[in-house]
Amino acid sequence: MVIKKIKKPEDLEIFLKDKSKTHKRFNHYTTSSVLNLILKNKTLKLTRGNSRSLNDWHERNSKGVEEEWNKTYIACFASDNYEKNIDEITVNYDSESMAMWGLYGFPSKEAVRITIPRKEMLRFINCSRAKLRKNKNIIFTEGIREAVYAVSKDMIKSIILTDVFYVKGTDKDIIPPEQKHIQTVLQFNTYNLHEYFQKRDFTGFVKNYAWNYEKETRIIVKLNKPIDKEFLYIELPDDVIRSFQITLGPNFQKCDFSDNTGNNTDCVLSNMIKKLYEFGIYNCRRSIFDGQVHFKSENLR
């Protein structure tokens, strides 16, 4: 769906889902410790939307419905669509976000970015839905993929890939200037938009415009009823893991991959590459800002 075809509020949800499929890359900023767990367990962690471990409590308090937050689990990515023309040839290139490195790559000496290309991300979502229809275990209450921790198919309502919609304001949300068309075609005033964004169906889709720099795309798993778990874990197929493109943070100095003795070892890029090879990952590089960034906030933590 294109933006000009949005005629009613429900169309906006369709638009966001369709838009998420157009991104070239999906970036997850994290640490080498987390990367290690992802590769070891072959799972991706999903966090319940009202968890205090998330950094945006405003979303939980001001957007959506609390009852629905208890059934909504999220994994977050920064979408990337950058291209430039070199000698009349269109070349894709990625753009690192210093804000994302600072917020999610902490401590900075362990910061990494996991990039999943569009083809593999869409395949991952489609395969997960297909496995669910075949009653296969794909979502677990613990990081390890064992049947005893599996969430039953009957508990899982949907697996969604969607962009986040950013709105301005606090008590009354105001659509940003570049999105005024949506406000016009929906024929909503700001109060009605605010009311709509409090509804159940939009829980997990809307954030305040202050977070727009994240360019966030989400994997959302919705359950039919709440369970007493702050985190869930979705299975990552081997081909998705092999598609990972790893970028080491600007201040990356060590990794948490263990050697044969079980001891952690300091590693430079070559050693990291060697370890990633064991998982079939052959795309790893340093940040373009390697050694050129000083995160002042790190001195305060």
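Remember, it's a predicted structure, so these values are computed and weren't measured experimentally.

Enquirer: In this structure, what is going on with the pairing of strand β12 (residues 231–235)? I would like to understand it.
Expert: Successive residues of a regular strand alternate their side chains across the two faces of the sheet. With four of its five residues buried, β12 lies for the most part within the structure. Here strand β7 (residues 139–140) runs beside β12; their pairing, made up of two bridges, is antiparallel. Its bridge partner lying in β12, I139 is registered against I234.

Enquirer: What's the story with the packing of aromatic side chains in this structure? I'm lost.
Expert: How two aromatic rings sit relative to each other is set out by the distance from centre to centre and by the angle between their planes. Evaluation of the coordinates by the stated rule reveals four aromatic pairs. Relative to F205, the ring of F202 has its centre 5.6 Å away and its plane inclined at 45°; by these criteria the two rings are tilted. One exposure class covers both F202 and F205, and it is buried. On the numbers, 6.4 Å between centres and 25° between planes, the contact of W211 with Y213 is stacked. According to the relative accessible area criterion, Y213 is partly exposed, its value standing at 29%. For K45, the ring lying beneath its charged end belongs to F231, and the centroid distance is 4.4 Å. A cation sits over an aromatic face here: K207 above W211, 4.6 Å from the ring centre.

Enquirer: Teacher, can you tell me more about unusual backbone geometry here?
Expert: Most peptide bonds adopt trans geometry, and most residues besides glycine take a negative phi value. A cis geometry characterises the amide bond from F106 onward to P107, with omega recorded as 0°. Looking at the secondary structure, you find P107 in the loop between α5 (98–104) and β6 (111–117). In this structure, K42 takes a positive phi of about 55° despite not being glycine. Residue class for K42 comes out partly exposed when judged on its relative accessible area of 27%.

Enquirer: Which parts of the structure should I look at to understand the side chain of N41?
Expert: Mapped onto the elements of the fold, N41 is located in helix α2 (residues 32–41). N41 sits in the buried class, given a relative accessible area of 16%. Setting aside residues no more than four positions away along its own chain, N41 makes contact with G143, I144 and R145.

Enquirer: Help me understand helix α6 (residues 118–133), please; the structure alone is not making it clear to me.
Expert: Three- or four-residue spacings in an α-helix give side chains the same orientation, since the helix completes a turn every 3.6 residues. With 16 residues, α6 extends 23 Å between its outermost C-alpha atoms, agreeing within 8% with the 22 Å of an ideal straight helix rising 1.5 Å per residue. Every buried residue belonging to α6 is among E120, M121, F124, I125, S128 and L132, and all of these are buried. In a view along the axis of α6, the buried residues occupy a sector of 140°, so they form one face of it. Away from its buried face, by an angle of more than 90 degrees, α6 presents the exposed residues K119 and R133. Once α6 finishes, N135 follows within two positions and takes phi at roughly 65°, a positive value.

Enquirer: Help me out: how do you make sense of the environment of K42 in this one?
Expert: Looking at the secondary structure, you find K42 in the loop between α2 and β2 (43–48). Note: C-alpha distance between K42 and I234 (192 residues apart in sequence) is 8.5 Å. Ignoring sequence-local partners within four residues, the contact set of K42 consists of L37, R145, I234, E235, L236, D238 and I241. A polar contact of 2.9 Å, which involves the side chain of K42, links it to the side chain of D238.

Enquirer: Which parts of the structure should I look at to understand the pattern of salt bridges?
Expert: If charged atoms from side chains of opposite charge come close, those side chains can pair. According to the stated counting rule, one finds 17 salt bridges in the structure shown. Where K71 meets E68, a salt bridge forms, and the shortest distance between an N and an O atom there is 3.7 Å. A single burial state applies to K71 and to E68, both of which are buried. Via salt bridges that share partners, D56, E59, K207, E216 and R218 belong to a single interconnected network.

Enquirer: Would you explain the confidence of the model for the protein in this entry?
Expert: Close inspection of predicted coordinates is inappropriate in any region flagged by low pLDDT. Here the protein averages 82 in pLDDT, while 75% of its residues score no lower than 70. At the low end of the mean pLDDT range in the protein sits strand β15 (residues 264–266), at 46; at the high end sits β12, at 97. Low pLDDT, under 50, characterises residues 184–191; the stretch is placed with 17 contacts to residues that sit more than four places away or in other chains. In the predicted structure, residues 258–266 sits below a pLDDT of 50 and forms twelve contacts with residues beyond four places in sequence or in another chain.

Enquirer: Can you walk me through α2 in this structure?
Expert: All buried positions along α2 are accounted for by S32, L35, I38, L39 and N41. Just past α2, the residue K42 takes up positive phi, approximately 55°.

Criteria and thresholds
- Residues numbered from 1 in each chain as written.
- Predicted model: local features only at pLDDT ≥ 70, side-chain atom pairs only at ≥ 80, totals over all residues.
- Heavy atoms only, no water.
- Buried < 20%, exposed > 50% of the residue type's maximum accessible area, 1.4 Å probe, protein only.
- Helix = DSSP H or I, 4+ residues; strand = E, 2+ residues; numbered from the N terminus.
- Pairing = 2+ DSSP bridges.
- Phe/Tyr/Trp six-rings, centres within 6.5 Å; stacked < 30°, edge-to-face > 60°.
- Lys NZ or Arg CZ within 6 Å of the ring centre and 35° of its normal.
- Contact = heavy atoms within 4.5 Å.
- Expected span 1.5 Å × (residues − 1).
- Arc of directions from axis to C-beta.
- Polar contact = N/O pair within 3.5 Å; in protein donor to acceptor, adjacent residues only side chain to side chain.
- Salt bridge = Lys/Arg side-chain N within 4 Å of Asp/Glu carboxyl O.
- pLDDT = per-residue confidence, 0-100.

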